[in-house]
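Remarks on the overall topology
Read off the chains here:
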Amino acid sequence: MTKPVVLVAEELSPAGIALLEPDFEVRHTDGADRAGLLAAVADVDAIIVRSASKIDAAVFAAAPGLRVVARAGVGLDNVDVEAATRAGVMVVNAPTSNIVTAAEHAIALLLATARNVPQGHSALKRGEWKRSKYTGVELQEKTVGVLGLGRIGVLVAQRLAAFDMKVIAFDPYVQAARAAQLGVRLVTLDELLRDSDFITVHLPKTKETLGLIGDRELRLVKPSVRIVNAARGGIVDENALDLALKEGRVAGAGIDVFTSEPCTDSPLFHHDNVVVTPHLGASTHEAQEKAGTQVARSVRLALSGEFVPDAVNVRGGAVAEDVKPGLPLAERLGRIFTALAGGVPARLEVEVRGEITRHDVKVLELAALKGAFTDVVEESVTYVNAPLLSRDRGLEVTLTTSEDSPDWRNLVTVRGTMADGVTVSVSGTLTGPKHSERIVEVNGYAMEIAPTPHMAFFAYTDRPGVVGVVGRLLGDAGINIAGMQVGRDEKGGEALIALTVDSGLGQELTDAIAEEIGADRGRRVDLED
């Protein structure tokens, strides 16, 4: 069997390569060589890049089999995510690979500016002993203002609190209660600027944050303030900072990022009280290793059709731990639904009930949608292109949730209305500490049966002897029954047989059983990939 091809277009950690090599054909190319890259992607399933390779619509056009682009790092400036989504290609990155590294570098810059470490180092190496010139300041009992309480900002706040610093923060997207749990007091931006002895920036670069710390803001700060930016260039206006330093309105700065990079000439370089580094925030051996292994794991998940938590163009975002076990169940319910329905419905509803709805369960809708299309389209169905497939087919999809679940702790139902008005539904739940899957309802009939790779459902008029007939026909065909349940609305009314069997029935046998028992319809479900 031919292995999927993973193209490594830039340097990747050996540990990341080792995770890929057993199951994939790993190829290498120079992603910075545009012509070479376009030629190399023709038959690949995945591409792994860093920052030098430009992955855009031309690459997607040249790679018809491409399923995932992985960026071994955080930023995605070199990947056209919108074009990837149109092409049904998943884009993943390694969002947590460098958070510790970035936090530590920000603190290193803060300490360096406080104690004039690089200035003293350079002077001494020149043979100059200048203790009095490079007298610094302590961190203890000083106020540090953290701009942005995301993952890196939180790590910085926690570490600086250990220096016995008073930590305040500005982040309009964080609740005061959450900040209080971290021992951080939320303030307005102007309050932070006025009250801080140190300011450290940990915001993403967006339209709202570009130039956030400009001339107006730098006229509000204490003249003793020291400002650190190890987040993104341009959040602190470099010209405004240069002027503030010249006029003595800012005591020092530690800068790792610049508006335009690489940057080898800046007015900030001429200030003796400014410490600069060439975007080293993510540059540790540990961060590079984590980035390589994280994207390698994401590629493995993506190429196996599983949900990838670090995918940036998949609806749903981060998945709560309590929700994750429900993903395979929802996808399986989607596949069973399509088999029962015999096609794609006009409308599809995913209903989630129970305690699980205290979390964001949007991803369960996505999993069910993926399952619903898996067996009815030729192309590989992913969490990325499943919404595109539904849109192209005019399928209306809705998600409904309720904490009320009378019979089960949690319940997922996939319900659809076909073009002729017929409604088809299947419900499932997870039971026990191992999260064992159970099908608990099909088309309104209650049951409790574990899904298996081969299943069949027959709707018929309730009467004696039907179960025996089904058993005989399966026995004659050499097919062993693993489980059977019968549900009915009333004695002599409509009934449903649900079968799990050790091997597939095939359409001919399914039709024969349906005809023998007078079933309105017989549906077989084969869940083997």
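Reference entry: report on the structure contained in this document. (Residues numbered from 1 in each chain as written. Predicted model: local features only at pLDDT ≥ 70, side-chain atom pairs only at ≥ 80, totals over all residues. Heavy atoms only, no water.)

Right, let's get into a negative patch on the surface. On the surface, Asp489, Glu490, Glu494 and Asp520 cluster together to form a negatively charged patch. For Glu494, a relative accessible area of 31% translates into the label partly exposed. (Patch = residues over 30% accessible without salt bridge, like charges linked within 9 Å, V, L, I, M, F, W, Y side chains within 5 Å. Areas by Shrake-Rupley, 256 points an atom, 1.4 Å probe, with all protein chains shown as cover. Salt bridge = Lys/Arg side-chain N within 4 Å of Asp/Glu carboxyl O. Lys, Arg positive; Asp, Glu negative; His and termini not counted. Charge placed at Lys NZ, Arg CZ, Asp CG, Glu CD. Buried < 20%, exposed > 50% of the residue type's maximum accessible area, 1.4 Å probe, protein only.)

All told, the structure shown has 26 salt bridges when counted by the stated rule. The partner of Arg216 in a salt bridge is Asp190, and the shortest N-O contact between them spans 2.9 Å. Here Arg216, found in helix α10 (residues 215–218), pairs with Asp190, found in helix α9 (residues 189–195); they are 26 residues apart in sequence, far enough to count as distant. Shared partners join several salt bridges into a network, and the residues in it are Glu349, Glu351, Arg353 and Arg415. (Helix = DSSP H or I, 4+ residues; strand = E, 2+ residues; numbered from the N terminus.)

By the element assignment, Leu474 lies in helix α16 (residues 466–476). When the C-alpha atoms of Leu474 and Tyr445 are compared, they prove to be 23 Å apart, with 29 residues separating the residues in sequence. Sequence-distant contacts of Leu474, defined by excluding residues within four places in its chain, comprise Ile479, Ile481, Leu499, Val501, Leu505, Leu509 and Ile513. (Contact = heavy atoms within 4.5 Å.)

It is worth spelling out the sheet that holds strand β1 (residues 5–8) at this point. With respect to topology, 5 strands assemble into an open sheet ordered β2-β1-β3-β4-β5, the strand pairing being parallel. Whereas interior strands pair on both sides, the edge strands pair on one side only; in this sheet they are β2 (25–28) and β5 (90–92). Pairs of neighbouring strands in the sheet enclose a mean axial angle of 20 degrees, with direction left out of account. Bridge analysis of strand β4 (residues 68–71) against β5 gives 3 bridges, and the strand direction is parallel. Of the residues in β5, the one forming a bridge with Val68 is Met90. Relative to β4, helix α12 (residues 285–303) is tilted by about 170 degrees, and along the sheet it contacts β1, β3 (46–49), β4 and β5. (Pairing = 2+ DSSP bridges. Axes fitted to C-alpha atoms, helices over the stretch in contact; angles between N-to-C directions.)

Below, the discussion takes up the packing of aromatic side chains. For the coordinates displayed, the defined rule picks out 1 aromatic pair. Both rings, one in Phe258 and one in Phe269, keep their centres 5.8 Å apart while their planes meet at 90 degrees; by these two values the pair is edge-to-face. Taken together, the positions of Phe258 in the loop between β11 (252–255) and β12 (274–276) and Phe269 in the loop between β11 and β12 put the pair 11 residues apart, joining distant regions of the chain. (Phe/Tyr/Trp six-rings, centres within 6.5 Å; stacked < 30°, edge-to-face > 60°.)

Here we take up the sheet that holds strand β9 (residues 198–201). Here 7 strands make up an open sheet; going across it, the order is β8-β7-β6-β9-β10-β11-β12 and the pairing parallel. For this open sheet the edge positions go to β8 (185–186) and β12, each flanked by a neighbour on one side alone. Pairing geometry for strand β7 (residues 166–170) and β8, over 2 bridges, is parallel. Looking at β8, one finds that Ala169 is bridged to Leu186. Packed on one face of the sheet, helix α5 (residues 99–115) meets β6 (143–147), β9, β10 (226–229), β11 and β12 and runs near 155 degrees to β10.

With that out of the way, let us pick up the packing of α16 against helix α17 (residues 506–517). At a closest axis distance of 10 Å, the pairing of α16 and α17 adopts a crossing angle of 150 degrees. Accordingly, the angle class assigned to the pair α16 and α17 is roughly antiparallel. Where α16 crosses over α17, the handedness of that crossing is right-handed. Side by side, α16 and α17 meet where Val466, Val469, Val470, Arg472, Leu473 and Leu474 of the first sit next to Leu509, Ala512, Ile513, Glu516 and Ile517 of the second. (Parallel < 35°, antiparallel > 145°, perpendicular 65-115°, else oblique. Left-handed = near helix turned anticlockwise from the far one by under 90°.)

Before going further, it helps to examine the side chain of Ser405. For Ser405, the position within the fold is in the loop between β14 (396–402) and β15 (410–417). Among the polar contacts listed, one links the side chain of Ser405 to the backbone oxygen of Trp408, at a separation of 2.5 Å. (Polar contact = N/O pair within 3.5 Å; in protein donor to acceptor, adjacent residues only side chain to side chain.)

A few words now on the pairing of strand β13 (residues 347–354). Note that β13 and β14 share 7 bridges and pair parallel. Bridge pairing in β14 links Leu348 to Val397. Two elements, β13 and β15, share 8 bridges in a ladder whose sense is antiparallel. Within β15, the residue paired with Glu351 across the bridge is Thr413.

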